[in-house]
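What follows is the residue order along each chain.
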Amino acid sequence: MGYLATYATAQGFTVGVLDGESLGLGITQIQTMVNEAAPRWVGFNLLAPTYQLSARIAAGLDPAIQLMVGGHKQRRCRRP
């Protein structure tokens, strides 16, 4: 998320990053903070343990806020 935020800032976008987990915020608190900020876009870094939490947060956001999701890339490898 930091890389994306840095890139978007360099392209002239106003960016904020909220790490709710590190701040000890609950789902409702995160939803309230995001809705009050009223961004056009919200991005989620999806990792297997966070899928359901992210979906719950997204469900409580203003429908006018667009969602962007991403996560680690998986690649299949063949054994020799």
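All values derive from a computational prediction rather than experimental measurement. (Residues numbered from 1 in each chain as written. Predicted model: local features only at pLDDT ≥ 70, side-chain atom pairs only at ≥ 80, totals over all residues. Heavy atoms only, no water.)

Asks: Mind showing me how you'd approach the overall build of the protein here?
Replies: Check the secondary structure of the protein and you find 4 helices and 2 strands. For the protein, contacts bridging at least 24 residues in sequence account for 63% of all contacts bridging at least 6. As displayed, the protein has an accessible area near 6900 Å², and 55% of this comes from carbon and sulfur atoms. (Helix = DSSP H or I, 4+ residues; strand = E, 2+ residues; numbered from the N terminus. Contact = heavy atoms within 4.5 Å. Areas by Shrake-Rupley, 256 points an atom, 1.4 Å probe, with all protein chains shown as cover.)

Asks: What am I meant to see in helix α4 (residues 51-59) here?
Replies: Note that an α-helix has 3.6 residues per turn; residues three or four places apart therefore point the same way. Burial in α4 covers these residues: Ser54, Ile57 and Ala58. The arc that holds every buried residue of α4, seen down its axis, measures 100 degrees, which confines them to one face. In α4, those exposed residues whose orientation departs by more than 90 degrees from the buried face are Gln52, Arg56 and Ala59. Check the buried side of α4 and you find it contacts α3 (27-37), β1 (41-46) and β2 (66-71). (Buried < 20%, exposed > 50% of the residue type's maximum accessible area, 1.4 Å probe, protein only. Arc of directions from axis to C-beta.)

Asks: Before we go on, may I ask you to explain the side chain of Ser54 in this structure?
Replies: As for its position among the elements, Ser54 is in helix α4. Those residues in contact with Ser54 that lie beyond four places of it in its chain are Phe44 and Leu46.

Asks: Any chance you could explain the layout of surface pockets here in plain terms?
Replies: One simple way to see leftover space: roll a probe sized like a water molecule over the atoms. Volume-wise, the largest pocket comes out at about 1600 Å³. Put simply, the parts of the chain that give the lining of the largest pocket at least two residues each are α1 (2-10), α2 (20-23), α3, β1, α4 and β2. (1 Å grid on protein atoms, 1.4 Å probe; cavity = no way out; pocket = protein on both sides within 12 Å on 5 of 7 lines; lining within 4 Å. Points joined across faces, edges and corners; volume = space filled by probe spheres on them.)

Asks: How should the side chain of Gln31 be read in this particular structure?
Replies: Note on placement: Gln31 falls in helix α3. When near neighbours in sequence (up to four residues on either side) are disregarded, Gln31 contacts Arg56, Ile57, Gly60 and Leu61.

Asks: Got a minute to help me understand a nonpolar patch on the surface in this structure?
Replies: Taken together, the side chains of Met1, Tyr3, Leu4 and Tyr7 define a hydrophobic patch exposed on the protein surface, amounting to about 490 Å² of accessible area. By the element assignment, Tyr7 lies in helix α1. For Tyr7, a relative accessible area of 48% gives the class partly exposed. (Patch = residues over 30% accessible without salt bridge, like charges linked within 9 Å, V, L, I, M, F, W, Y side chains within 5 Å. Salt bridge = Lys/Arg side-chain N within 4 Å of Asp/Glu carboxyl O.)

Asks: Explanation requested: unusual backbone geometry in the structure shown.
Replies: Excluding glycine, a negative phi dihedral is what most residues carry, and trans is how most peptide bonds are arranged. A positive phi angle is found at Ala38, which is not glycine, with a value near 50 degrees. Mapping Ala38 onto the fold places it in the loop between α3 and β1.

Asks: For this particular structure, what's the right way to read the pairing of β1?
Replies: Note on strand geometry: in a regular strand, side chains alternate between the two faces of the sheet. Across 6 bridges, the pairing between β1 and β2 is parallel. Its bridge partner lying in β2, Phe44 is registered against Val69. A crossover connection joins β1 to the parallel β2 through α4; in handedness this β-α-β unit is right-handed. (Pairing = 2+ DSSP bridges. Right-handed = clockwise from strand over helix to strand, strands pointing away.)

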